[in-house]
Each structure stands twice: as C-alpha cells, then as structure tokens.
Amino acid sequence: MNAHGMLTGILNPLTESAPDPNRRSRGELCVDCLRQPSLESAARGVCGHAGNAYNPFHLLLATAEGAVVLGNAAPAIARRDLAPGVHVLTNLDLDDPRCPRRAKAHALFEAAAAPLRDADLGGFLESAAAALADHSAPLDSTPGAIPNNLCVHGDAYGTRSSTVIVFDAEIDRFRYWHADGAPCRREHREYDLPYEA
C-alpha cells in the first residue's frame, strides 16, 4: 500500500511447470506499482512489460475508486477491470467457477459484505474473520488437489497469516487488520498504516 491510497498484491497461479529462475522477480511488480501515484499509471507500467519476462502472475491493484487484475497467462499482459462487488482471486483465475473453494469463498464473502451496506464495520470484520477461518469448503475433485478450505492446515504448507483491508470513507483512508497465524487460531488486530501527511 502506498501514500496515494493504492494497494497491490500478487498471486502465483497454478501451473504445470516449475518457475523459470532466469525470469524477473514477480515481487518487483508490486514494488514498481507502489512507486506510482495512481492505479492507471501503475497498470500502464506493468502492461508495458513483455508478459514472458515474468513467471505467471495475477497482480491486483486497487484504490477506493476502482480495482484491476493484471495477468500474464498469455504472452502479453492482460488487464481485467473489476466491477463493484465481491470477487475472489485464487491461484486459478479471477472468479473461476471451476474452483469449489472460490465458489464457497464467494458465498462467504458476499454474506460478510452485507453489514457494510448498513455501515456496520464491526459486523463486517466479524463475518470476514469467520469466512477467512472457514474449514468447510467442498473438496476439489481435481486429481492430486490439495485441501481447498480457506484456512488450510498441512504438514508442508498451510495458512500462515490473514489480512483484512477496508477503505473507510469517513476518514478517507485504508484500515488494516492482520492475524499473525491461521485465522482460526489468531485474532485479527488493527494496525496503524503509515500515511504521509
């Protein structure tokens, strides 16, 4: 997140091949975007790169005014503008209907968003934390698939932390809650974000 009110995050999509260590770091994309003063300038900067310069990625850029997902599944970098509402981005694709976890997450987050319509931030945070701690997603029928609950526990991998970020229109800034550990075991605490005056 930067002082201009833009946040970014990146996911590595599920692929059949191992990452190519000779390509540029995908993490640099987030850093480069956060140096920009607006979503549009950040998106233009990313789209100006060759898609095959990086291993596959899904990059989210968001402000209070809008959000986009940029990805390089094809040789070129593609942009998808997000309509207002609930979206779920996984290691498959944005709002991918093939993913049982995405379908379950979409329903949970749609329900969690309901209190926001009544400006009930506390109700939203409680519902969002419960959604992030969910262990009830239907199993993925894909051969060899890993458990696809929102909160995953495994020997070699699992949910390490959880974050909720909300744009609070009353104070015209983002607010940040973080659980340092699996959200079914650790409570989300609010942390102050460093904003420039």
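Since we're looking at a predicted model, the values are computed, not measured.

Calculation criteria
Residues numbered from 1 in each chain as written. Predicted model: local features only at pLDDT ≥ 70, side-chain atom pairs only at ≥ 80, totals over all residues. Heavy atoms only, no water. Buried < 20%, exposed > 50% of the residue type's maximum accessible area, 1.4 Å probe, protein only. Helix = DSSP H or I, 4+ residues; strand = E, 2+ residues; numbered from the N terminus. Contact = heavy atoms within 4.5 Å. Core = buried A, V, L, I, M, F, W, Y, C linked by side-chain atoms within 4.5 Å. Pairing = 2+ DSSP bridges. Axes fitted to C-alpha atoms, helices over the stretch in contact; angles between N-to-C directions. Parallel < 35°, antiparallel > 145°, perpendicular 65-115°, else oblique. Nonpolar A, V, L, I, M, F, W, Y, C, P; charged D, E, K, R; others polar.

### Some points on helix 2 (residues 39–47)
Within the sequence span of helix 2, burial applies to Leu39, Ser41, Ala42, Ala43 and Val46. The elements touched by buried residues of helix 2 are helix 1 (27–34), strand 2 (58–62), strand 3 (67–71) and strand 4 (78–81).

### Some thoughts on the nonpolar core
Grouped together as the largest cluster of nonpolar side chains are 15 residues, with contacts concentrated most on Leu29, Cys33, Val46, Phe57, Leu59, Leu61 and Leu70. Of all the elements in the fold, those that place two or more residues in this core are helix 1, helix 2, strand 2 and strand 3. In terms of residues, this core owes the most to one element, helix 2, which gives four residues. Excluding anything up to four places from it in sequence, cysteine 33 contacts Asn2, Met6, Ala42, Val46, Leu59 and Leu61.

### Looking at the sheet that holds strand 7 (residues 189–191)
The antiparallel open sheet is built from three strands, whose spatial order is 5-6-7. Among the strands making up the open sheet, the edge pair consists of strand 5 (162–168) and strand 7. Along the sheet, successive strands turn relative to each other by an average axial angle of 30°, direction set aside. Across three bridges, strand 6 (residues 173–179) lies against strand 7 in antiparallel orientation.

### Focus on the packing of helix 3 (residues 100–117) against helix 4 (residues 121–132)
The interhelical angle for the contact between helix 3 and helix 4, taken along N-to-C directions, is 170°, at an axis separation of 7 Å. Compared by their axis directions, helix 3 and helix 4 come out roughly antiparallel. Here Leu108, Phe109, Ala112, Ala113, Pro115 and Leu116 of helix 3 lie close against helix 4, whose contacting residues are Leu121, Gly123, Phe124, Ser127, Ala128, Ala131 and Leu132. Residue composition of the contact of helix 3 with helix 4, grouped by class: eleven nonpolar, two polar and no charged.

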